[in-house]
Amino acid sequence: MFGPKAVKIAGKSRVPGVTITQFVEHLPAGKSTPDFARKPMTTTVQEGKKAFFKAMVSGEPPPTVTWVRNKGEMDDQEKYSTRYDERAREHVLEIVNVKPEQADNYKCFATNEYGQAACAVTLNVVEGMKIDPKLLELLLSAPKKDYERICLEFGVTDFRWLLKELKQIKKEREDEQSKVVENLDNIKQIEVKSSGRAEFSFDMKLRDPNSEVNLYKDGTLIPYDDDKNSKHSLQKTGINYLFSIKDPQREDAGFYQVDVEETNVLTTDFQAKIKDSKVTENEDAIFQCVLSTPLNKITWSKEDASLEHGGKYEITISEDKLTHTLRIKDCQMADKGAYYALAGITSSSAENDGADKDAQEKVEDGKEGRVGGEGGDGNESRRCLNTFFLSLSHCQNADRGVQFVRGLSDINAKVGERAELSCKLNSETSEGRWYKNGKLLTEEDGVKIIKDGACHILMIECCKKDDTAVYRFEAEGRKSEATLNIQDPPRLDPDALGEFTNPVIVRVGDNAEWKLPFSGGAPMNIQWYKNDNELLPAVNVKIDTSDTESQLRLTKCQRKDTGEVKIKIKNEFGVIEAVSRLIVLDKPTPPQDPVEITESAVTSVEFKWKPPKDSGGCPVTNYIIERQQVGRNKWTNLGEIPCIPSYKDTDVDPGRRYCYRIRAKNAEGISDYLQTGDIPAGYPGSPTAPKVVSAFKDCINLSWCPPCDTGGTKIIGYNLEKNKTGTNYWSLVNQNGPITVKDVFEGAEYRFRVSAINLSGAGEPSIPCEAVIARNPKKPPGKVIDLKITSSSYTTFSLAWTKPKEVKGVEDEAQGYYVEIRPIESLEWTCCNATPISLTSYTVLGLKAMASYWVRVIATNYGGNGEPQGFDSYIIAMPPPVRPKFKDRNMKTLMVVKSGNTIRVNINFEASPMPDISWVKDGIPLLKHVTITSSDRGSQLLIPTSERSDSGIYMITVKNIVGQESFSVEIRVTDDPKPPGPVELDENIPGTVTLCWAPSPDEKRDDRLHYLVSKRDSFKRTWRTAADNLFNNKFTVVNIMPGREYYFRVFAKNDMGLSPPSESPVNRKDSASYMALYETDYCYSSQDKYLCRHIVNNLRTAPEGYECYMSCAVKGDPAPRVTWYYNNISLNTNTNYHITNVCGVCSLLILRVGPKDHGEYRVIIENKLGNAESSMTLNVRGKL
């Protein structure tokens, strides 16, 4: 077998426009080729600005990302900078100070050992005046009538200079689009329709109808389909494409692009609008600002004066921190003006429209500001205008005197800082007064009062906590007030902070301590961190905090404790942090492997190593070297050397071997040692492993390369050794090393190694070569013959084939075989046997049931592998088709279960492929409490706790593609029967007794319930069964002997057994007694006609499959002849019925009642004196 070959397999990326090349034929488990999770986007930037390309990649192991350009090099790091942003997981290419000549096509490559992913991107450079790339993209896709509106939205009032540049870019774009699009027309920019959907459309005729049309939002691929109810949908009618967004929200606003393959064909910008609102004088005005990113607070202002919550202004924030609202209470004429909402460096503004009789507030279309942008320098933002027109009407036209043009606003100030309250009147001559909590203020109170025309200012130079108050300004009856809140955030003393930031240096086992005083408003929350992990009090962590100081003490510090120590002080007004560093000093760790021998001469050896992984917090000053001659126990100290990690030993004897110990030393101590292997002095190194040039039955030709290290002297020869496989003995083939080895036996397997010889002697032998057999070369075998499947199951299938024929000089004899399989959904073949098999049959194991596989067999010999032989179609892992059949011939068709017990029915069957199994009860689906468990060989029905309602006929149907089979089992759920009622005795005919009893309470619930009568006389102590299988409540007992006392018991009986006996109406509880009379007390003459006792019931119902017993008592002299009839047909000669006449009791027994037994039964008795008859009707109930 040969090692893996380098291949190039084209793969498919999840991102359009990305090509993947796989370097190996089979990917190991858990490994993957690189791919782009997000590819870089084409960028247009202004000359002199920065350009950014950003990409996100995936793959295992993580791939390396490189960038190249088509028309130049990227070696100049001052122009091109690459980095990896760990937080965003992005690979970034930054081009600083973009020049026109850098406009080019750039490629990004992601590479690991298993493959490479690549994609292309274009950089466009705009010369002259700054142009927003987003503006250009929108203008390229917009009709000319919309140019002015779009430019105004971007703050561009004169766009004529853009037309030439736009025309050039548009021509280049059209040339690029013409490669994939024949015609692009009727473009309609995105807008929200009356239906509530945001839509944009265009007419586009593709050159290739199968080209992919992709939709991007802010550079991210958006999935879509043709369902109108989807969030993003595409409706195509002829050449018209209509993209729509269902129920657009704020998060749907963004920059949308439509690409065909990798070519951009359309760009549109979707932004939300602010609804109009109205207000009149003396009412409240409401302004709303909706952000795209949550913020805890934005700044509201009017004419450069900030507005705070309280008094006239009410500022609220929604729970999601996206909607910020300003309410202006009781609007007056002085409230007219421009109001601004500033979020970060993005602002929205509104300006005064002057007086208006209709007095309304309008909110025009607004756009959010955008910070930086792809391809920009990232330091500028575009300010867009949201215009809020606030105009107020008067109720009367009379002069209202002094009015506030701008009132006071609530402000916050910190302790020690300056605070300023200001307002503006409509008159420069008006005077006013300032009040603090209702008390008049003068400059003697430590404040500065300034009047600048119509502006009045109250200034507090150094705020204190008691300056918190409500301040009011009054002028000619008009007043405005605001609240000044003095905040006292945490503060640190600069000297104490400087001392805190100095590193704390301690030795291992010592304690480290930090102390930092602070001031600020209570309560304070103090937190200590080490390496960004919060420290909590523990055995080695002590934290003491007071109102003005916090102290941290770490005891018994270890080297691993080295790192950053931070304190965070927080109160309701702010947070402050201070950072220090802990350095724990220790001895260094041992020097690191590997030890590399750089020189091995006759009189010296030189080697080098890697410095310690951890220097112990202070630099390594020296290395301590010890030496031991191999074969001796003594170690010799060679002294200390400077901190360079290499050593040359010049005091060695030729031909000796030495071992060295190396220790690192710093100011804190000496490390443990690193011990080298044996280093020879003057011996040559090992040559390369021998390579088999050719092999024949009587000789083997070898070659090798000389060692890199000659040992300081000339190589004078080689020793070649051989080893026969299966032995441990290496024999010298010939000193000085021949190239051709002739001392071999045909068919034997050998390995070879070689060692170099110089003046000091022979060096270490090389690595042995791979085993080689002494035999003449062979040609690979041909294809196997007659490949077939001999058997199969759900997890295995067995193969058989015939050995390929030999063709002299073309195809030699096969010596083994490989079996390979490939799942139908995979492209990779898997070898089932690691080593060749010699048999011409093989069983493949571990298959997935009903899965499809391609199978092939490859013949091989030591000349190589032959051509594979496979099947014309795939093979399904399943047994041969078998019609369902039940395996157990003695399956029960009837099960009787006591109520409350578990019902478990196991049905074993044989079927292939795996069948569908269904159960029904009395023809309807099973209830939920019945559990069915099925496999490919059987099925089980389980009812954990049975009830009488579970009785019925359960049928299982097993069905597959070959056929189906069904089986039914009757389940009867019953319980121990309850006894019948009291027994009554009646004698109408001498020698007989008729017993009557009340039915058992279970008779109505159990149609299989019947009765058993037993008797005992006074002369015998044993109970005998008088009758069984009685379905009525009467029975006549015959052969009653006069003068004896008889006892009777009646039992209820069902499939579970007997009930307790019926209770006696006379002197014994469990029996009925009867004293027979003597014959003299009752007799008949010989001339009497016979007497016939009729059958007890005229109508009887018996379950199908049970016995049915009918009887009557007769008397006559001479003895009458008895004949039974069924539907007027005599039954006396019918062998299916058992008829008896014993002591005057005539009976008919049907052993197994069936539907054919339904009908009328008559018994006729006759003698020479006359005849009599009695009849009844038998109904047969079907099975349960």
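Procedures and definitions
- Residues numbered from 1 in each chain as written.
- Predicted model: local features only at pLDDT ≥ 70, side-chain atom pairs only at ≥ 80, totals over all residues.
- Heavy atoms only, no water.
- UniProt positions renumbered as here; feature names shortened; annotations may be inferred.
- Helix = DSSP H or I, 4+ residues; strand = E, 2+ residues; numbered from the N terminus.
- Buried < 20%, exposed > 50% of the residue type's maximum accessible area, 1.4 Å probe, protein only.
- Contact = heavy atoms within 4.5 Å.
- Areas by Shrake-Rupley, 256 points an atom, 1.4 Å probe, with all protein chains shown as cover.
- Pairing = 2+ DSSP bridges.
- Axes fitted to C-alpha atoms, helices over the stretch in contact; angles between N-to-C directions.
- Phe/Tyr/Trp six-rings, centres within 6.5 Å; stacked < 30°, edge-to-face > 60°.
- Lys NZ or Arg CZ within 6 Å of the ring centre and 35° of its normal.
- Salt bridge = Lys/Arg side-chain N within 4 Å of Asp/Glu carboxyl O.
- Lys, Arg positive; Asp, Glu negative; His and termini not counted.
- Patch = residues over 30% accessible without salt bridge, like charges linked within 9 Å, V, L, I, M, F, W, Y side chains within 5 Å.
- Charge placed at Lys NZ, Arg CZ, Asp CG, Glu CD.
- Disulfide = S-S within 2.5 Å.
- pLDDT = per-residue confidence, 0-100.

- Naming follows an unreviewed UniProt entry, where the chain appears as Immunoglobulin-like and fibronectin type III domain-containing protein 1 of Poecilia reticulata.
- What the UniProt record of the chain gives under Sequence similarities (unreviewed entry) is the line "Belongs to the protein kinase superfamily. CAMK Ser/Thr protein kinase family."

## A few points about the overall build of the chain
1) Next: Looking only at helices and strands, one finds four helices and 99 strands in the chain.
2) Next: Scored against the burial criterion, the 1184 residues of the chain give a buried share of 42%.
3) Next: Residue pairs at least 24 apart in sequence account for 64% of intrachain contacts in the chain once pairs closer than 6 positions are excluded.
4) Next: When the accessible surface of the chain is totalled, it reaches about 64400 Å², and 48% of it is carbon and sulfur.

## Focus: the sheet that holds strand β36 (residues 455-460)
1) Next: Taken in spatial order, the four strands of this open sheet run β30-β32-β36-β35, and their pairing is antiparallel. Each end of this open sheet is capped by a strand with a single partner; those strands are β30 (404-406) and β35 (448-452). Ignoring which end each strand starts from, the neighbouring axes of this sheet average 25° apart.
2) Next: As judged from the six bridges shared by strand β32 (residues 419-425) and β36, these two strands associate in the antiparallel manner. Bridge pairing in β36 places S422 opposite I457.

## Structural notes on the packing of aromatic side chains
1) Next: All told, the structure shown has 21 aromatic pairs when counted by the stated rule.
2) Next: Aromatic pair W434 and F473: ring centres 4.9 Å apart, planes at 50°, arrangement tilted. With W434 in strand β33 (residues 433-436) and F473 in strand β37 (residues 469-475), this residue pair connects regions lying 39 residues apart in the sequence. Taken as a pair, W434 and F473 share a single burial class, namely buried.
3) Next: Grouping aromatic residues by their ring pairs yields a cluster made of F200, F202, Y224, Y241 and F243.
4) Next: The ring of Y435 has R472 sitting right over it, with the charged end atom 4.7 Å from the ring centre.
5) Next: For R1049, the ring lying beneath its charged end belongs to W1023, and the centroid distance is 4.2 Å.

## Description of the pairing of strand β8 (residues 90-95)
1) Next: Burial of β8 is extensive: six of the six residues sit out of reach of the surface.
2) Next: Across the two faces of β8 the burial is the same, with E90, V92 and E94 and H91, L93 and I95 all buried.
3) Next: In terms of strand pairing, strand β7 (residues 80-85) meets β8 through six bridges, oriented antiparallel. Across the sheet, residue D85 finds its bridge partner in β8, namely E90.

## Things to note about the pattern of salt bridges
Opposite charge on two side chains makes pairing possible when the charged atoms of those side chains draw close.
1) Next: Scanning the entire structure with this criterion turns up 36 salt bridges.
2) Next: Across the pair E965 and R883 runs a salt bridge whose closest N-O atoms are separated by 4.0 Å. Pair noted here: E965 is in strand β82 (residues 964-974) and R883 is in strand β74 (residues 882-886), with a separation of 82 residues, a long-range link.
3) Next: Taking the relative accessible area as the measure of exposure, E965 reaches 31% and is therefore partly exposed.
4) Next: Between R972 and D1055 there is a salt bridge whose closest N-O contact spans 3.7 Å. With R972 in strand β82 and D1055 in the loop between β88 (1045-1054) and β89 (1057-1058), this pair connects stretches of sequence that are 83 residues apart.
5) Next: You can call R972 buried: its relative accessible area is 7%.
6) Next: Residue classification places D1055 among the partly exposed positions, given a relative accessible area of 32%.
7) Next: A single salt-bridge network, built from bridges that share partners, covers E970, R972, R1008 and D1055.

## Things to note about the sheet that holds β82
1) Next: With respect to topology, five strands assemble into an open sheet ordered β75-β82-β81-β77-β78, the strand pairing being mixed. Each edge of the sheet is formed by a strand with only one pairing partner; in this case those strands are β75 (894-898) and β78 (924-925).

## Remarks on the side chain of D1006
1) Next: Tracing the backbone shows D1006 in the loop between β84 (993-997) and β85 (1010-1017).
2) Next: Buried and without a salt bridge, D1006 has R948 as its closest oppositely charged side chain, separated by 4.8 Å.
3) Next: With near-sequence residues (within four places) excluded, D1006 lies in contact with T974 and N1054.

## As for a nonpolar patch on the surface
1) Next: Among the surface-exposed residues, I824, M850, Y874 and I876 lie close enough to one another that they form a single nonpolar patch of about 340 Å² accessible area.
2) Next: In this fold, I824 is placed in the loop between β67 (816-823) and β68 (830-831).

## With respect to a negative patch on the surface
1) Next: A cluster of acidic residues, E73, D75, D76 and E78, forms a negative patch at the surface.
2) Next: For E73, a relative accessible area of 63% corresponds to the exposed category.

## A word on the environment of C462
1) Next: Among the structural elements, C462 can be located in the loop between β36 and β37.
2) Next: Residues C462 and G416 lie 46 residues apart in sequence; the distance between their C-alpha atoms is 4.7 Å.
3) Next: Those residues within four positions of C462 in sequence are excluded, and the remaining contacts are G416, E417 and D467.

## What to know about unusual backbone geometry
1) Next: Between A522 and P523 the backbone carries a cis peptide bond, its omega angle lying at 0°.
2) Next: Secondary-structure assignment places P523 in the loop between β41 (512-519) and β42 (525-530).
3) Next: The omega angle of the peptide bond from D593 to P594 is -5°, so this bond is cis rather than trans.
4) Next: Within the element layout of this structure, P594 appears in strand β48 (residues 592-600).
5) Next: Although it is not a glycine, D532 adopts a positive phi angle of roughly 70°.
6) Next: Of note, D532 is situated in the loop between β42 and β43 (533-535).

## So, the state of the cysteines
1) Next: Tallied over the full model, the rule gives zero disulfides.
2) Next: Unpaired in terms of disulfides, C705 finds its nearest cysteine sulfur in C708, a separation of 8.9 Å.
3) Next: Taking the relative accessible area as the measure of exposure, C705 reaches 45% and is therefore partly exposed.

## Considerations on the environment of I169
1) Next: Tracing the chain through its elements places I169 in helix α3 (residues 160-177).
2) Next: A C-alpha to C-alpha distance of 9.5 Å links I169 and V126, two positions 43 residues apart in sequence.

## A few points about the side chain of S1014
1) Next: The residue S1014 is located in strand β85 in this model.
2) Next: On the basis of relative accessible area, S1014 is assigned to the buried category, the value being 6%.
3) Next: For S1014, the residues in contact, after removing those within four places along its chain, are W1023, R1024, T1025, A1026, Y1047, F1048, R1049 and F1051.

## Regarding the confidence of the model for the chain
1) Next: Mean pLDDT over the chain: 80, with 85% of residues reaching 70 or higher.
2) Next: Within the model, pLDDT remains below 50 along residues 344-399, and this stretch shows 149 contacts once partners closer than five positions in the same chain are excluded.
3) Next: Segment residues 1065-1097: pLDDT under 50, and 105 contacts once partners within four positions in sequence are set aside and those in other chains are kept.

## Some details on the environment of K329
1) Next: Residue placement: K329 occurs in the loop between β23 (323-328) and β24 (339-343).
2) Next: Considered as a pair, K329 and A285 are 44 residues apart in the sequence and their alpha carbons are 6.7 Å apart.
3) Next: Residues in contact with K329, not counting those within four places in the same chain, are E283, D284, G311, K312 and E314.

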